[in-house]
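# Observations on the three-dimensional arrangement
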Amino acid sequence: MKRASPGSSTICSATAGPCTGALISVEDKCIGIDEYDPPPIFGRFQRGRNLPENVVGSGIGLTSVEQIVHQHGGRVHIQSRLGSGTIVSVWLPVRRDGGPNPHP
């Protein structure tokens, strides 16, 4: 996990649903994502215009997360406020019987 701002904090949490899936959320208190950045947020090589020049990255992190999660039948949701931080939530289906995921 990478943080966009030195000295910022990151909070991770995970919860299991009643029988349907698991929710994993990662929250940072960084610079947030500008709602006026060109969409799509999950586009390959997409980086925020508000990132400081010293923040390295290629812009493939969210693209990779979305592709992997969708391959497992899950969903990705992003909440962000410029100047306050971002929450990335991933929901993945869970099979309680130990069998293969029905959404390869």
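Nothing here was measured: the structure is a model prediction, and the numbers come from that model.

## Let's talk about the pattern of salt bridges
Under the defined criterion, the tally for this structure stands at one salt bridge. Between E27 and K29 there is a salt bridge; the shortest N-O distance is 2.7 Å. With relative accessibility at 22%, the residue E27 sits in the partly exposed group.

## Description of the confidence of the model for the chain
Mean pLDDT over the chain stands at 79; residues scoring 70 or higher make up 76%. Between the elements of the chain, mean pLDDT differs from a low of 71, seen in strand β1 (residues 10–16), to a high of 93, seen in helix α1 (residues 61–71).

## Here we look at the side chain of D34
Within the secondary structure layout, D34 lies in the loop between β2 (21–28) and α1. Taking relative accessible area as the criterion, D34 reaches 18% and is therefore assigned buried. Residue contacts for D34: discarding those within four places in its chain leaves R49, N50 and L82.

## Let's talk about the environment of H77
Within the fold, H77 resides in strand β3 (residues 75–81). Judged by relative accessible area, H77 falls into the partly exposed class, the value being 45%. It is 5.2 Å that separates the C-alpha atoms of H77 and S89, two residues lying twelve residues apart in sequence. Residues within four places of H77 in sequence aside, it is in contact with I87, V88 and S89.

Definitions and cut-offs
- Going along each chain's sequence as written, the residues are numbered from 1 onward.
- Local features in this predicted model are restricted to residues whose pLDDT is 70 or higher, and side-chain atom pairs enter the listing and the counts only when it is 80 or higher, whereas totals over whole chains, interfaces and linings include all residues.
- The basis for every side-chain value is the complete set of non-hydrogen atoms in the structure, without hydrogens or water.
- Just to be clear on terms, a salt bridge is a Lys or Arg side-chain nitrogen sitting within 4 Å of an Asp or Glu carboxyl oxygen.
- Throughout, exposure labels follow a simple rule: accessible area from a 1.4 Å probe, protein chains only, divided by the maximum for the residue type, with under 20% read as buried, over 50% as exposed, and the rest as partly exposed.
- Each residue carries a pLDDT score, the predictor's confidence in it, ranging from 0 to 100.
- Working definition: helices are DSSP H or I runs of at least four residues, strands are E runs of at least two. Numbering for both runs from the N terminus.
- Residues are treated as being in contact if the distance between any of their heavy atoms lies within 4.5 Å.

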